[in-house]
Amino acid sequence: MLVNSKKMLQKAKKENQVVFQFNINNLEWTRCILEECDRLKVPVILGASEGAIKYMGGYDVVASICFSLISDLNIKTDVCLHLDHGSSVESCKQAIDAGFNSVMIDTSHLPLKDNIEKVQEVVSYAKNANVSVEAEIGSMGQINQEGLSIGTNANLKDTLTFVKETGIDSVAPSVGTVHGIYKGKLNIDYKLIKELATSLKVPLVLHGGSGLDLEILKKCKEAGITKININSDIQEAWSKSVKEYLKTNSEVIDPRKIIGSGFKAIKDMVAAKININN
Ligand code: 13P
């Protein structure tokens, strides 16, 4: 069933479980993630970035792919279609108008006051459409020469103000992770996660979940993270598998066989992440 992320995340927070956002890149990605989450009977958030949406053809295309797969494949588990890192109020509105159940507005690069104002605009539009809103505070790090994340982590006081003033349904505070395959030394602020999780009613979101050992993901969960975003790990797993297939099947031209040779890798990666809940 299609739902917004509010209830599924509130329930997960209460039960100290994690709901995963797996990013989608095309129809096949979407299908693999839906089938695996349905098989495992877990709720899932399908994250579509602006780049992926552009690649697939637009907001309506993404919504149609997602909704049609749920219907044609008879997917029973709860599914939320979510705009990942919406860069403007406008793109959030486009997603909402296309039927997305959830949006993330990422104006975290702005000063707190301006960030709050932008997020408020999205929240008031989203509330009317029963769409949940996630927003980011702090800035996610990059890997520097010493291999450390050097973003600016969120702080307790500003995050409390941010959540209170905006009325968002979930918050993504920068806590030391980075997007992409994390090869640097870890610098995750578990103390901050714990403080935020106990002080806030809204669920906490961890961006940049790829490249982190399952033990680290579990530690984040135990500290109080409710939603974890995964993109690059699935991309890496799929592309490794396809490259391997092509090594011994270089004569194959059927795109279904080439693209399909990575399906198991996508599903295995999805299942491995979800397993941190057990
Ligand atoms: P990764 O690419 O590190 O998995 O990050 C995904 C993400 O945070 C999407 O918002």
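Before reading further, recall that the structure is shown in the block above.
All of the points below concern the structure found in this document.

Rules used throughout
- Residues numbered from 1 in each chain as written.
- Predicted model: local features only at pLDDT ≥ 70, side-chain atom pairs only at ≥ 80, totals over all residues.
- Heavy atoms only, no water.
- Near = heavy atom within 4 Å.
- Polar contact = N/O pair within 3.5 Å; in protein donor to acceptor, adjacent residues only side chain to side chain.
- Areas by Shrake-Rupley, 256 points an atom, 1.4 Å probe, with all protein chains shown as cover.
- Helix = DSSP H or I, 4+ residues; strand = E, 2+ residues; numbered from the N terminus.
- Nonpolar A, V, L, I, M, F, W, Y, C, P; charged D, E, K, R; others polar.
- Buried < 20%, exposed > 50% of the residue type's maximum accessible area, 1.4 Å probe, protein only.
- Pairing = 2+ DSSP bridges.
- Contact = heavy atoms within 4.5 Å.
- Core = buried A, V, L, I, M, F, W, Y, C linked by side-chain atoms within 4.5 Å.
- Right-handed = clockwise from strand over helix to strand, strands pointing away.
- Axes fitted to C-alpha atoms, helices over the stretch in contact; angles between N-to-C directions.
- Left-handed = near helix turned anticlockwise from the far one by under 90°.
- Salt bridge = Lys/Arg side-chain N within 4 Å of Asp/Glu carboxyl O.

### Re the site of the ligand
Piece 1. Neighbouring the ligand are 14 residues, the closest being D84, G208, S210, N231 and S232.
Piece 2. One nitrogen or oxygen atom from the main chain of G208 is found 2.7 Å from an oxygen atom belonging to the ligand.
Piece 3. Burial of the ligand by the protein amounts to 97% of the accessible area it has alone, namely 300 Å².
Piece 4. Residue assignment for the shell around the ligand shows that the elements contributing at least two residues are β3 (79-86) and β8 (225-230).
Piece 5. Residue classes in the shell around the ligand are distributed as two nonpolar, 11 polar and one charged.

### Describing the pairing of strand β6 (residues 170-173)
Piece 1. On β6, burial covers both faces: S170 and A172 on one face and V171 and P173 on the other are all buried.
Piece 2. The pairing of strand β5 (residues 132-137) with β6 spans four bridges and is parallel. Bridge assignment links A135 to a residue of β6, and that residue is V171.

### Examining the side chain of N101
Piece 1. Along the chain, N101 falls in the loop between α5 (89-98) and β4 (102-105).
Piece 2. N101 gets classed as buried once you look at its relative accessible area, which sits at 13%.
Piece 3. A polar side-chain atom of N101 sits 2.9 Å from the main-chain amide nitrogen of L81.
Piece 4. Sequence-distant contacts of N101, defined by excluding residues within four places in its chain, comprise L2, V3, N4, V79, C80, L81, N130, V131 and S132.

### A look at the nonpolar core
Piece 1. Counting 75 residues, the largest nonpolar core has F22, I33, F100, V103, I168, V171 and I228 as the members making the most contacts within it.
Piece 2. No other element matches helix α4 (residues 59-72), which puts seven residues into this core.
Piece 3. Look past the residues within four positions of I228 in its chain and what remains in contact with it is V18, V19, F20, Q21, L206, G209, L217 and I276.
Piece 4. In terms of nonpolar packing, the next biggest core, distinct from the first, is built from seven residues, V3, V19, I45 and C80 among them.

### Re the pairing of strand β1 (residues 19-23)
Put simply, side chains in a regular strand alternate between the two faces of the sheet.
Piece 1. In terms of burial, β1 is a largely internal element, five of the five residues being buried.
Piece 2. With burial as the criterion, each face of β1 is covered, one bearing V19, Q21 and N23 and the other bearing F20 and F22.
Piece 3. Sheet analysis places β1 next to β8, joined by four bridges and oriented parallel. Each residue of the ladder has a partner; that of F20, found in β8, is I228.
Piece 4. Examined bridge by bridge, β1 and strand β2 (residues 44-49) share three bridges and lie parallel to one another. Following the sheet pairing, F22 is matched in β2 by L46.
Piece 5. Once the chain exits β1 it traverses helix α2 (residues 27-39) before rejoining the sheet at β2, and the crossover so formed is right-handed.

### Thoughts on unusual backbone geometry
Piece 1. With a phi close to 55°, K41 is a non-glycine residue in the positive phi region.
Piece 2. Positionally, K41 belongs in the loop between α2 and β2.
Piece 3. Taking the relative accessible area as the measure of exposure, K41 reaches 70% and is therefore exposed.

### Digging into the packing of helix α7 (residues 156-166) against helix α8 (residues 190-199)
Piece 1. Here α7 crosses α8 at 35°, and the two axes come no closer than 10 Å. Read as a crossing pair, α7 and α8 show a hand that is right-handed. Within the contact between the two elements, α7 uses L156, T159 and L160 and α8 uses L192, E195, L196 and S199.
Piece 2. In the contact of α7 with α8, the residues fall into four nonpolar, two polar and one charged.

### A short note on the pattern of salt bridges
Piece 1. Summed over all chains, the structure comprises 13 salt bridges.
Piece 2. With its nearest N and O atoms 2.9 Å apart, the salt bridge here joins R39 to E36. Pair noted here: R39 and E36 are both in helix α2, with a separation of three residues, about one helical turn.
Piece 3. Assessed through its relative accessible area of 6%, E36 is described here as buried.
Piece 4. One salt-bridge network, held together by shared partners, links R31, E35 and K267.

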